[in-house]
Amino acid sequence: MSFTINTNSAASKATYFLGRNNKSLQKSLARLSSGSRITSPSDDAGGLAVSMKLTSSISRLEGAHKNIQNAISFLEVQDGVLSTVGELVDRMSELRSLYNDVMKNTEDKATYNREFKDLQVQLYDMAQEKFNQVSLFSTTTDELGGDPVLFNGTNAQDNTLSIFVSADGDAGTKVSVHKAMLLSALTIDTTGLTLQAATFGSRNQSTVFSFANASLDGVGGSALISLGDVSVGVFNAVIQNIAGLRSQNGASMSRLYFASDHVTLQKSNLSAANGRILDADVAAESTEFSKYNILVQASTSMVAQANGLTGLALNLIQ
């Protein structure tokens, strides 16, 4: 075996392994410090691509979850108004019964009638309530106008807001939230065999009665109803309609609660899947770190030893 000075093969090999071990040590340090198994695209190009798509889906699900929570808040505020409307109609129904009391004189009845008319204006005002500038109740089939809505009418006579409850946005699942048709529910058509809701604009206060009106001084179809104008059956029909609106509200809220649970679970599962791709195994990586830390120290020592071998040639020359 030849013994040379210019070419130190042992030192070259030791330096090569030192560089390799040091690179592995640096990678292990990066993984442990970041907590991520993929610190550069070269670590796992395919896994990184999948992780980016999963991360995007998780972000969109988080947005969908916030939208669902806002929709639930919308329905909660709407139901609060409907609950108060139900109490108002109950009071109006009570006034109708008190109005029929034979012990009440003309002035007593006029007092009940004044309260009854004031409550009609209050009902109209409550039908104008908004949630963050979005109307809680509708009179037309869309925000900018359209046909009048009709309580218990066809789907084309309804006004709904679409809440997208998946990562696919408008291409995925959606829940329809009703902008409750309060004014229509408070308008009763008495011309048929059965009392039924009518569009708010069709009221005439003689055969089609509306329990909500804009002011105390309206005339014609906008006039206020007097207690003696309507039968108890009309009050019962209105109360039934309000109950139907609250039931509709509750059904939408229930569906949103289930959608919220589903989105939360899906987001959790996708996060777990993303973690399996992206997250570093700290136990395994710390073992790798210890291994390469020792190898770097050993390689450094061997490079120093190999560099000293060429000095032995001087002993042959002397």
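Residues numbered from 1 in each chain as written. Predicted model: local features only at pLDDT ≥ 70, side-chain atom pairs only at ≥ 80, totals over all residues. Heavy atoms only, no water.

**Student:** Let's hear about helix α1 (residues 9-34): which residues, and what values?
**Tutor:** Its 26 residues give α1 an end-to-end C-alpha distance of 38 Å, which sits within 8% of 38 Å, the value for a rise of 1.5 Å per residue. Regarding α1, the residues found buried are Ala 11, Ala 14, Asn 21, Leu 25, Ser 28 and Arg 31. Along its buried surface, α1 packs onto α6 (282-309). In the segment just after α1, Gly 35 is the residue with positive phi, at about 75 degrees. (Helix = DSSP H or I, 4+ residues; strand = E, 2+ residues; numbered from the N terminus. Expected span 1.5 Å × (residues − 1). Buried < 20%, exposed > 50% of the residue type's maximum accessible area, 1.4 Å probe, protein only. Contact = heavy atoms within 4.5 Å.)

**Student:** Please set out the sheet that holds strand β7 (residues 187-189) residue by residue, giving values where relevant.
**Tutor:** One open sheet holds the three strands; their spatial order is β8-β7-β9, and the pairing between them is antiparallel. Sheet topology places β8 (196-197) and β9 (208-210) at the edges, where each strand pairs with a single neighbour. Bridging between β7 and β8 involves two bridges; their strand directions are antiparallel. Across the sheet, residue Ile 188 finds its bridge partner in β8, namely Ala 197. (Pairing = 2+ DSSP bridges.)

**Student:** So what about the nonpolar core? Which residues, and what values?
**Tutor:** Leu 123, Leu 182, Leu 186, Phe 211 and Leu 256 are the most contacted members of the largest nonpolar core, which totals 53 residues. Taken together, the elements giving at least two residues each to this core come down to α2 (45-99), α3 (106-126), β6 (174-178), α4 (182-185) and α5 (232-278). Broken down by element, the residue count for this core peaks at 13 residues, all from α2. Leu 186 has contacts with Val 89, Leu 123, Phe 209, Ser 210, Phe 211, Ala 212, Val 238 and Ile 242, leaving out every residue within four places of it along the chain. (Core = buried A, V, L, I, M, F, W, Y, C linked by side-chain atoms within 4.5 Å.)

**Student:** Which residues make up α3, and what values go with them?
**Tutor:** Look at α3: 30 Å from first C-alpha to last across 21 residues, which is about the 30 Å you get at 1.5 Å a residue. Taken residue by residue, α3 has Tyr 112, Asn 113, Phe 116, Leu 119, Gln 120, Val 121, Leu 123 and Met 126 as its buried positions. Those residues of α3 hidden inside the fold are in contact with α2, β9 and α5. Measuring from the side-chain oxygen of the N-cap residue of α3 to the backbone nitrogen of Glu 107 gives 3.1 Å; that N-cap residue is Asn 105. (Polar contact = N/O pair within 3.5 Å; in protein donor to acceptor, adjacent residues only side chain to side chain.)

**Student:** Talk me through the packing of aromatic side chains; I want residue IDs and the actual numbers.
**Tutor:** Aromatic rings considered in pairs are described by the distance between their centres and by the relative angle of their planes. Tallied over the entire structure, the rule returns six aromatic pairs. Between the aromatic rings of Phe 74 and Phe 131, the centroid separation amounts to 5.9 Å while the plane-to-plane angle is 90 degrees, which identifies the pairing as edge-to-face. One end of the pair, Phe 74, is in helix α2; the other, Phe 131, is in strand β1 (residues 130-131), and 57 residues separate them in sequence. Summarising the aromatic geometry, the rings of Phe 116 and Phe 211 are spaced 6.2 Å apart at their centres and angled 85 degrees between planes, so their arrangement reads as edge-to-face. Taken together, the residues Phe 116 in helix α3 and Phe 211 in the loop between β9 and α5 connect sequence positions 95 residues apart. Among the residues examined, Phe 116 registers a relative accessible area of 0% and is labelled buried. Connected via pairs of aromatic rings, a cluster forms that spans Phe 116, Phe 211 and Phe 235. Residue placement shows Arg 203 over the ring face of Phe 200; its charged tip is 3.9 Å from the ring centre. (Phe/Tyr/Trp six-rings, centres within 6.5 Å; stacked < 30°, edge-to-face > 60°. Lys NZ or Arg CZ within 6 Å of the ring centre and 35° of its normal.)

None of this, on its own, says anything about what the molecule does.
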